[in-house]
Amino acid sequence: MRFIEPHAHMVSRTTDDYLALATAGCEAVCEPAFWAGFDRGSAEGFRDYFCQLTEHEPRRAAKFGLPHFAWLCFNPKESEDLKLAGEVIALIPEFLDRPNVLGIGEIGLNRNSRNELKVFEQQVDLAARCRQLILVHTPHLEDKLKGTRLIVDAIKSDRRINPARVIIDHVEEHTIELALDAGFWAGITLYPESKCTAARAIDMMEIYGMERLWLNSACDWGVSVPLAVPRAALEMRRRGHSAAAVDRLLHGNPLQFLGQSLKFKLTQD
Amino acid sequence: MTRQEVLDLYFVEARAKLVDVAAFLDRAQRAGGVDDFRLKAFRAALGHLRSGQPDRARRVLAGLSDPTTQPSKSAGSKSACGAWAGKATRIPPSPKRRGTRQETKA
């Protein structure tokens, strides 16, 4: 089987994980900018991080034959600091022309605060001005429903944004319709404890169809499984879904969305 | 899949999770003290499991969610806790969670 990992924080993972992904049939990894687990102290810290995502990490992935792509942004967890947010957003355009950068992400909300929403809208504006794809992080647990509504409303109110170029990630049963009904793509994140299990993800696929849907592991420094996507393939197969259906969901769909960026090329292309 | 096939594939796994939930409630009861909003929300969500409606997962998630529509004045802590505390109340950060380092998912 083959698949694309459309959301993985590989800077937090070991080379063993690259080896496991490549061995399991992964053809590309895509890495959104995210929170480091602590608040960074300056914009220069973000500059270093963006260099890591666009220079160092692609070289690390290449050792395992994997193309590595990145999304850049200021993470919502740090968005209470509006001054820092402004400084970091101002330096992002310097990096947008780099060959592995696909767009702005993962922007979004964390606790649904006014400042988070303000910074989110600034980054949607940046994506619109620079004609970038958008990858959206939706909040956790009790904050997800309200946050997803705020996010969907904010993007829909910006008429420059084509919803087909936006993916709303980390959807669950109570938010998937909000994303799909508005014309966005929806991402389901497979986690052992929070977010979604493979069984629930395939339930949603069976209920809503696989149009504009992708699965990801969002593996990072916390409890997460880099091989969650191929394991979801096993879940599909044991329910009787065809190999072609698995290929469409785990390879064709991310290829369709990410291919809207001309920079997204698989090795054999 | 037929219902029989669903049961063959998932019954034992679901049974294990059901027993885990029961054991969690027993553990909380043995621990004494009073229920906070999380346990109250959890008990309320259990009601959806007995519903004949076909969207129990969505109802459970929605029932544990913040139903308000306006952005909050500030983020407070970085971490969600799994159930809505009600009104604008947030759980204050525990001593372990103060400072900049927060062990929460990105």
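Residues numbered from 1 in each chain as written. Chains lettered and ligands numbered in written order. Predicted model: local features only at pLDDT ≥ 70, side-chain atom pairs only at ≥ 80, totals over all residues.

Draft legend 1. Inspection of the overall build of chain A at higher detail. If you tally the helices and strands in chain A, you get nine helices and eight strands. The C-alpha atoms of chain A give 17 Å as radius of gyration, which agrees with the globular expectation for 269 residues (18 Å, within 12%). Principal axes of the C-alpha set define a box for chain A whose edges measure 50 × 40 × 35 Å. Within chain A, the proportion of its 269 residues that are buried is 54%. Considering only contacts within chain A whose residues lie at least 6 apart along the sequence, 73% involve residues at least 24 apart. (Helix = DSSP H or I, 4+ residues; strand = E, 2+ residues; numbered from the N terminus. Rg over C-alpha atoms; globule rule 2.2 N^0.38 Å. Buried ≥ 20, exposed ≤ 12 C-beta atoms within 10 Å, placed from the backbone. Contact = placed C-beta atoms within 7 Å.)

Draft legend 2. Main features of the sheet that holds strand 5 (residues 133-137) of chain A. All names here are of chain A. Strand order in the open sheet formed by eight strands is 1-2-3-4-5-6-7-8, with parallel pairing between adjacent strands. Each end of this open sheet is capped by a strand with a single partner; those strands are strand 1 (3-5) and strand 8 (213-216). The mean angle between the axes of side-by-side strands here comes to 25°, regardless of whether they run parallel or antiparallel. (Pairing = 2+ DSSP bridges. Axes fitted to C-alpha atoms, helices over the stretch in contact; angles between N-to-C directions.)

Draft legend 3. Structural context of the nonpolar core. One finds L72 and A186 of chain A to be the most contacted residues of the largest nonpolar core, which totals 82 residues. The element that contributes the greatest number of residues to this core is helix 4 (residues 114-129) of chain A, accounting for six residues. Once residues within four sequence positions are removed from consideration, L72 of chain A is found in contact with A33, F50, L53, I92, F95, V101 and I104 of chain A. In terms of nonpolar packing, the next biggest core, distinct from the first, is built from six residues, A41, L64, A83 and W84 of chain B among them. (Core = buried A, V, L, I, M, F, W, Y, C linked by C-beta atoms within 7 Å.)

Draft legend 4. Structural detail: the packing of helix 8 (residues 228-238) of chain A against helix 9 (residues 243-258) of chain A. Residues and elements named next belong to chain A. Packing of helix 8 against helix 9 brings their axes to within 10 Å, and their N-to-C directions diverge by 150°. As judged from the angle between their axes, helix 8 and helix 9 are roughly antiparallel. In this structure, helix 8 meets helix 9 at a crossing whose hand is right-handed. Residues V229, A233, M236 and R237 of helix 8 form the contact with helix 9, whose participating residues are A245, V246 and L250. Grouping the amino acids of the contact of helix 8 with helix 9 by side-chain chemistry returns six nonpolar, no polar and one charged. (Parallel < 35°, antiparallel > 145°, perpendicular 65-115°, else oblique. Left-handed = near helix turned anticlockwise from the far one by under 90°. Nonpolar A, V, L, I, M, F, W, Y, C, P; charged D, E, K, R; others polar.)

Draft legend 5. Geometry of the interface of chain B and chain A. Taken residue by residue, the interface counts 27 residues in chain B and 35 residues in chain A. Top element by residues in the side of chain B that touches chain A is helix 3 (residues 56-63) of chain B. It accounts for four residues. Of the residues that constitute the side of chain B that touches chain A, the class distribution is 13 nonpolar, eight polar and six charged.

Draft legend 6. Region of interest: the environment of M10 of chain A. Residue and element names in this part refer to chain A. Following the sequence through the fold, M10 ends up in the loop between strand 1 and helix 1 (15-24). Distance from M10 to C219, taken between C-alpha atoms, is 7.4 Å for residues 209 residues apart in sequence. M10 has contacts with V29, E31, E57 and A61, leaving out every residue within four places of it along the chain.

Draft legend 7. Fine view of the domain arrangement of chain B. Segmenting chain B into domains produces domain 1 (1-33) and domain 2 (34-64). The straight-line distance from the C-alpha centre of domain 1 of chain B to that of domain 2 of chain B is 15 Å. (Domains from an automatic or database assignment.)

Draft legend 8. Structural detail: the environment of V11 of chain A. Residues and elements named next belong to chain A. Looking at the element boundaries, V11 is found in the loop between strand 1 and helix 1. Put simply, V11 and A36 are 25 residues apart on the chain and 9.6 Å apart in space, counted from C-alpha to C-alpha. Not counting residues up to four positions away in its chain, the partners in contact with V11 are Q52 and E57.

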